[in-house]
Each structure stands twice: as structure tokens, then as C-alpha cells.
Amino acid sequence: MNLSNARILNIILTLFGIIIFSIAYIYINFSTQNFNEHARNFAVSKTQEKVEDNLNKIVRSSNKLNSNIVLNNNQFFIETDELIYAMLITACKFDCTKKDEENVKIESIFHSFNIKNKFAIERLKSLIENEYNDIMIDVRTDLSIFTASNIVIFIIAFILSIFRGKAAAHLIPISFIMTFVTIMMTCFYIFGQNWMMTILTNDYWGWSYSFFLICISILLADIAFNSARITTILLNITGAAFSKTFILAPC
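Quantities reported herein were computed from a predicted structural model and do not represent experimental measurements. (Residues numbered from 1 in each chain as written. Predicted model: local features only at pLDDT ≥ 70, side-chain atom pairs only at ≥ 80, totals over all residues. Heavy atoms only, no water.)

All right, on to the overall build of the protein then. Broken down by element type, the protein carries ten helices and zero strands. Seen in sequence order, the protein has helices and strands lined up from the N terminus as α-α-α-α-α-α-α-α-α-α. Looking at the protein residue by residue over its 251 residues, the buried ones come to 38%. In the protein, 76% of the contacts between residues at least 6 apart in sequence involve partners at least 24 apart. (Helix = DSSP H or I, 4+ residues; strand = E, 2+ residues; numbered from the N terminus. Buried < 20%, exposed > 50% of the residue type's maximum accessible area, 1.4 Å probe, protein only. Contact = heavy atoms within 4.5 Å.)

Pasting the structure below:
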């Protein structure tokens with residue numbers, strides 16, 4: 001591939017990334033209802049994880065360690081997922097038209113486990129609603145930062161593709177790597193979002209991706225201000241593993 005073709009390919013890939021991540025950023029921050037629907041299952045599953053830590057205490061305190069409750073705790077945890085959905089519907093977090101139906105279901109679940117303490121029930125409702133709200137805010141914030149960071153990286157790469165034509169070969173690997181990230185982001189909407197948001201909102205993966213963006217930024221800065229000397233060394237070392245004739249020079 002000659003420099004001219006490489007330059008055109010870089011421009012196309014980086015422009016594609018800018019468009020996709022810009023659309024994603026607008027969708028996340030301005031299409032609130034639709035985004036909430038896509039993020040619902042993930043938020044509910046995370047809410048369940050958070051609530052289960054306190055659920056046992058609330059259930060026990062509601063009946064003052066009544067033996068019937070203790071014996072049925074495991075079964076109550078099995079009902080937790082359904083209970084969380086029902087309580088969030090009654091709070092009109094989604095599908096508010098089924099509010100009355102879900103209220104009946106909630107009462108039936110509590111009645112079957114002999115949980116009659118209204119204060120404990122309201123405490124549980126409040127806990128679930130607050131956790132769900134906090135998780136939805138965190139998810140939107142994390143994804144907003146993710147999309148905005150990628151927009152900035154793609155804009156820088158796009159500018160370099162136009163004004164640093166001699167660095168086209170050095171930019172190609174970066175363009176392909178960032179395009180792969182773009183495809184992942186597209187999968188977030190098309191094929192389902194839970195696995196994607198699990199990665200992005202996980203502390204370990206979140207920091208790992210931040211480190212990845214820092215490395216990409218350093219390489220782009222190297223191309224912009226250092227004639228791609230560092231990038232050239234890294235690409236030559238990598239290329240040597242596949243081809244003895246692969247040699248790049250600083251630009």
C-alpha cells in the first residue's frame with residue numbers, strides 16, 4: 001500500500017470513528033428514554049448485586065429473626081430478581097402501565113414469606129430505587145466519558161491524516177485499532193449491551209482502557225511533534241516478527 005492510499009484509508013477510518021462515536025455520545029446523553037431501555041437489564045442485574053448485601057438484614061429485621069423467615073431465606077433470594085423488577089415498575093422506572101399488576105405481585109411475594117413489616121418493605125423499595133438510579137447515572141457517565149475520549153482521539157488522528165501525509169503508514173495501525181473499538185461500540189447498540197457495559201463499568205477494565213487511550217495519545221503526539229520516532233521503533237520491532245523486509249523510517 002502506497003502513502004497516498006494509506007492516507008485516504010486513514011482519513012476514511014478516522015472520519016468513520018468520529019461519526020460513530022459522536023452519534024453514540026448524542027444518543028447516550030439526549031435519547032434518555034431509549035438509552036434507559038437498552039441499559040435496563042444491565043442496571044437491574046447490578047442493582048440485584050448491590051441489594052443482596054442488605055436484603056438479608058432487612059428480611060430478618062422485618063420479622064425479628066422469625067424462624068420461618070430464616071428457613072426460607074434461600075428461596076427468598078431466588079425471588080429477588082423478580083421482586084426488583086416489580087418494585088422498579090411500581091416506581092415507574094419502566095413500563096408504568098403494569099404498576100397495579102406488579103403491586104399485587106409484590107404483596108404476594110412478601111405474604112408468602114410472612115413479611116408484614118411495612119417499614120421494612122418501604123425501606124427495601126427505597127434501597128432498590130436509589131441503587132437503580134445511581135447505577136443508571138454511573139452507566140451514563142462512564143459511557144459519556146468513553147465516547148467523548150474516543151471522539152477526541154479520532155479527531156486528532158483525522159487531523160494528522162490530513163496534515164501529516166508522510167506519516168500515513170505510521171497511522172494505519174492506530175486507525176485499525178481504533179476502528180476495532182468503534183465496531184465494539186456499534187455492537188453495544190445492535191447486538192446487546194450487557195457484556196459491553198460490564199467491561200466499561202468494571203474498575204479493572206475501565207482503568208485498562210484509560211491506559212490504552214494514554215498510549216494511543218502518546219503515539220499520536222509522537223507522530224505530530226517527534227516525526228514518529230517512537231512509533232517507528234515500535235512498528236519496526238512488531239513488523240520484524242512477521243517480515244524481515246518490513247522497515248519504516250521516521251517521517
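Here we take up helix α1 (residues 3–30). The terminal C-alpha atoms of α1 lie 40 Å apart, and with 28 residues this matches the ideal 40 Å at 1.5 Å per residue to within 8%. When α1 is considered as a whole, its buried residues turn out to be Ala6, Asn10, Leu13, Thr14, Gly17, Ile18, Phe21, Ala24, Tyr27 and Ile28. (Expected span 1.5 Å × (residues − 1).)

Attention now moves to unusual backbone geometry. The phi dihedral of serine 227 falls on the positive side, at around 55°, and the residue is not glycine. For serine 227, the position within the fold is in the loop between α9 (203–225) and α10 (229–240). Judged by its relative accessible area of 23%, serine 227 is partly exposed. With phi around 60°, alanine 228 is a residue other than glycine that occupies positive phi space.

Okay, the packing of aromatic side chains next. In total, this model carries three aromatic pairs according to the counting rule given. A ring pair is formed by phenylalanine 21 and phenylalanine 146, whose centres lie 5.8 Å apart and whose planes are at 70°; its orientation type is edge-to-face. Linking phenylalanine 21 in helix α1 with phenylalanine 146 in helix α6 (residues 118–163), this pair joins segments that are 125 residues apart in sequence. Within the aromatic cluster, the residues linked to one another by ring pairs are Phe21, Phe146 and Phe154. (Phe/Tyr/Trp six-rings, centres within 6.5 Å; stacked < 30°, edge-to-face > 60°.)

Inspection of the secondary structure puts threonine 90 in helix α4 (residues 73–90). Its relative accessible area of 13% is what places threonine 90 among the buried residues. Dropping the residues within four chain positions of it, threonine 90 is found in contact with Lys99, Glu102, Asn103 and Ile106.

Further remarks concern the environment of aspartate 138. Positionally, aspartate 138 belongs in helix α6. With 95 residues separating them along the chain, aspartate 138 and alanine 43 place their C-alpha atoms 9.8 Å apart.

Here the focus is the environment of isoleucine 172. By the secondary structure assignment, isoleucine 172 is in helix α7 (residues 168–190). A sequence separation of 163 residues divides isoleucine 172 from leucine 9, and the C-alpha atoms of the two residues are 7.8 Å apart.

The pLDDT averaged across the protein works out to 77; a share of 74% of its residues lies at or above 70. Confidence, expressed as mean pLDDT per element, reaches its minimum in the protein at helix α3 (residues 67–71) with 44 and its maximum at α1 with 88. Note that residues 65–71 has pLDDT below 50 and, in this model, eleven contacts with residues that lie over four places away or in other chains. (pLDDT = per-residue confidence, 0-100.)

On to a nonpolar patch on the surface. A grouping of Leu15, Ile19 and Ile23 is seen on the molecular surface, where their side chains present a nonpolar patch of about 260 Å² in accessible area. Structurally, leucine 15 is set in helix α1. (Patch = residues over 30% accessible without salt bridge, like charges linked within 9 Å, V, L, I, M, F, W, Y side chains within 5 Å. Areas by Shrake-Rupley, 256 points an atom, 1.4 Å probe, with all protein chains shown as cover. Salt bridge = Lys/Arg side-chain N within 4 Å of Asp/Glu carboxyl O.)

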